[in-house]
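Residues per chain are reported as follows:
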Amino acid sequence: MARSSLVPALLLTVLLGGASAGYPASGAKPRTQRAMPGSPTFVISGRGWGHGVGMAQWGAFGFAQHGASYDEILAHYYRGTTLGPAPVSKVRVFLAQGQSQLILGSQAPYTVRDGIGQTWHLAAGTLTFGPGLKIKTTDVPQPQRLPAPLSFIPGASPLRFGSRPYRGQLQVSVANGALRAVNLVGLEAYLYGVVPSEMPKDWLPEALKAQAVAARSYAMAVRKTGSWFDLYPDTRSQVYLGIAHEAPSTTAAVQETAGQVVLYGGHVATTYFFSSSGGRTAAAPEVFPSSPAIPYLVSVNDPYDTISPHHRWGPFVVSAARLRRVLHAHGGLTDVTLQTGPSGRVQTLTAVGTEGASSTTGWDFRRALSLDSTWFRIGVLSLANPQAPVTYGARISLDGVARSLPSVRLDRRQSGSGWQTVRQVSPGPGGSVVVSAKPRVPTDFRLVSGSVRSRTAHVSVAPLLRFHGMPNASTLRGYARPLFPGASVALQRSTGGGWNTVARATIDANGDFEAHVSLTPGDYRWRLAPGRGFVPGMSPTLKVGPA
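Residues numbered from 1 in each chain as written. Predicted model: local features only at pLDDT ≥ 70, side-chain atom pairs only at ≥ 80, totals over all residues. Heavy atoms only, no water.

## Quick look at the packing of helix H3 (residues 70-77) against helix H5 (residues 205-222)
- For the pair H3 and H5, the least separation of the axes is 8 Å and the interaxial angle reads 55 degrees. Between H3 and H5, the angle is such that the two are oblique. Between H3 and H5 the crossing geometry is right-handed. Taking contact as the criterion, the partners of Tyr70, Ile73 and Leu74 in H3 are, on H5, Glu206, Ala207, Lys209, Ala210, Val213 and Ala214.
- Residues that form the contact of H3 with H5 fall into these classes: seven nonpolar, no polar and two charged. (Axes fitted to C-alpha atoms, helices over the stretch in contact; angles between N-to-C directions. Helix = DSSP H or I, 4+ residues; strand = E, 2+ residues; numbered from the N terminus. Parallel < 35°, antiparallel > 145°, perpendicular 65-115°, else oblique. Left-handed = near helix turned anticlockwise from the far one by under 90°. Contact = heavy atoms within 4.5 Å. Nonpolar A, V, L, I, M, F, W, Y, C, P; charged D, E, K, R; others polar.)

## Focus: the packing of helix H4 (residues 187-198) against helix H6 (residues 248-256)
- The contact between H4 and H6 brings their axes to 9 Å, and the two run at 135 degrees. Between H4 and H6, the crossing angle belongs to the class labelled oblique. Where H4 crosses over H6, the two elements pack in a sense that is right-handed. Together, Glu188, Leu191, Tyr192, Val195 and Pro196 of H4 and Thr250, Thr251, Val254 and Gln255 of H6 make up the contact between the two elements.
- The residue inventory of the contact of H4 with H6, partitioned by class, reads five nonpolar, three polar and one charged.

## A word on the packing of aromatic side chains
- The tally for this structure, following the rule as stated, stands at 23 aromatic pairs.
- Considering the side-chain rings of Tyr218 and Phe273, the 6.2 Å spacing of their centres and the 70 degrees angle between planes classify their relative orientation as edge-to-face. Of the two residues, Tyr218 is situated in helix H5 and Phe273 in strand E20 (residues 273-274); the sequence distance between them amounts to 55 residues.
- Residue class for Tyr218 comes out buried when judged on its relative accessible area of 11%.
- Through pairs of rings, three or more aromatic residues link up here, namely Tyr218, Tyr272, Phe273, Phe288 and Trp363.
- Looking at Arg446, its charged tip hangs above the ring of Trp419, at a distance of 4.0 Å from the centre. (Phe/Tyr/Trp six-rings, centres within 6.5 Å; stacked < 30°, edge-to-face > 60°. Buried < 20%, exposed > 50% of the residue type's maximum accessible area, 1.4 Å probe, protein only. Lys NZ or Arg CZ within 6 Å of the ring centre and 35° of its normal.)

## Quick notes on unusual backbone geometry
- With an omega dihedral of 0 degrees, the bond running from Gly314 to Pro315 counts as a cis peptide bond.
- A cis amide bond links Arg481 with the next residue in sequence, Pro482, at an omega value of 0 degrees.
- Tracing the backbone through its elements, the reader meets Pro482 in the loop between strand E36 (475-481) and strand E37 (488-494).
- A positive phi is found at Ser370, a non-glycine position, where the angle reads about 55 degrees.
- Looking at the element boundaries, Ser370 is found in the loop between helix H9 (362-369) and strand E25 (376-383).
- Classification of Ser370 by relative accessible area gives exposed; the value is 63%.
- At Ser404, a residue that is not glycine, the phi angle is positive and equals roughly 55 degrees.
- Tracing the sequence through the fold places Ser404 in the loop between strand E27 (396-403) and strand E28 (408-414).

## Some words on the sheet that holds strand E14 (residues 159-161)
- The sheet built from four strands is open, its strands ordered E10-E7-E14-E15 with antiparallel pairing. The open sheet has two edge strands with one neighbour each: strand E10 (125-129) and strand E15 (164-166). Mean inter-strand twist for the sheet, computed between neighbouring axes without regard to direction, equals 30 degrees.
- Of the pairings in the sheet, the one linking E14 to E15 comprises three bridges and is antiparallel in character. Within the sheet, the bridge partner assigned to Phe161 lies in E15 and is Arg164. (Pairing = 2+ DSSP bridges.)

## Digging into a positive patch on the surface
- A cluster of basic side chains, namely Arg395, Arg423, Lys438 and Arg440, defines a positive patch on the protein surface.
- Counting through the fold element by element, Arg440 comes out in the loop between strand E30 (432-437) and strand E31 (443-449).
- With relative accessibility at 43%, the residue Arg440 sits in the partly exposed group. (Patch = residues over 30% accessible without salt bridge, like charges linked within 9 Å, V, L, I, M, F, W, Y side chains within 5 Å. Areas by Shrake-Rupley, 256 points an atom, 1.4 Å probe, with all protein chains shown as cover. Salt bridge = Lys/Arg side-chain N within 4 Å of Asp/Glu carboxyl O. Lys, Arg positive; Asp, Glu negative; His and termini not counted. Charge placed at Lys NZ, Arg CZ, Asp CG, Glu CD.)

## Examining the pairing of E25
- The element E25 is extensively covered by neighbouring structure, given that seven of its eight residues are classed as buried.
- Strand direction decides the pairing type here: strand E3 (residues 41-47) and E25, joined by six bridges, are antiparallel. Across the sheet, Thr41 pairs through a bridge with Leu381, a residue of E25.
- Direction of pairing for E25 relative to E27: antiparallel, over a ladder of four bridges. What sits directly across from Leu381, in E27, is Ala402.

In short, geometric facts, not functional conclusions.
Structure below.
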């Protein structure tokens, strides 16, 4: 076919093909691209310290600061209760079990009464013995094997168990070939070592008195009647550190409330207490699922807990990988939802994974991450990376999440500059965020709340390329935006399996360019890789059909 007859045929069959690589067709309005939420940043913040049931110690201190008496403090936290006398005067506190050797003693002479009631005298100093109970006494020259159990009775100085001095007696017995020991001590003397271990000794007297009555009541309510001991010396019952930890202020609080316990319906109340409520205590069944409803352990407002350093805590970032392990998430972790109780404490967490959901309790989650309480929230900051570059002049919509966090803003950063605030963001239902932007250069975006930042979402920008003007058999024209004067544009023709460059053109100061080529039927496009942070851009396809 002669060249003169080819030109009209080509011009009549020039068609605009579909958009290439996600770019809009020539002449069409650039469309808005959407990107789905990306890898989330998880942020934990919370309130209070402790299980949340019963008397909040910081709140009690606040009540005392506002003039409340100890009985008023107790009545606030243990609803419908009264004060009455303790049912026992002595307790046995666990000290050791399963030991092959015990070390005890005193700075003054003391005695030991054996299992058949005989009393032996012991010299001041340290005594070491094993399960055979061979004891060196001052009554006979040789050590004697004494029948169990043994009761060591102090003289002019307290007895010591290991390095710690205790009031009262030390009782030693043998079980399964090993030694075990308890401290038999008066209830009030026991509290001398408990109250300063559970509440700061320099707090106001009415708060210390409330603690003394709560500790006395709790000891009576949880003691192990029928066992070889009544109470543990740690948080399994309450912390008891003996004489070395006593203080005049707390001893006075015990003495001024001597024998008083909290009663409900004539029975000693289980007076749970803890450090800080965060503003509201919890009802027993909310924290202890196996517990029935207890009328005096209900959720109450705690207005003075605001003085507590634990009233609010966090936020701090927890990696998605760590949360995924703790929550046993299926696949990648994309979100965490919470089910809370009436007081706001978390009862159940559900991990939303890419391969399904899994759940755990708030209590187990608190323990796994060593959180102060189960009154926490898991904030989420997430902003998507777009699935494809955006063409210059087009608008992009980034989807994100900003949930359970204070004020959130959008920042951006462009090449050669630092982060700049764009605007405040108002999350929608469920914390959904939609960021609409029209970046003209490659741009980073992030969501920020306080010191917490989402992962950066990078928006790549491709130059806008278009065919324009009337093509002919030897010349194709186009334009590019933004302006890249002097840049080289490739005219490419599809080979069916790829694209071959058949000509090149140089962009002028107005963004225009033209290439001279002998056209044959096929698909053509412009391609520009300008650098400067831009990704390569392609024009829509130009179809040239046969005559």
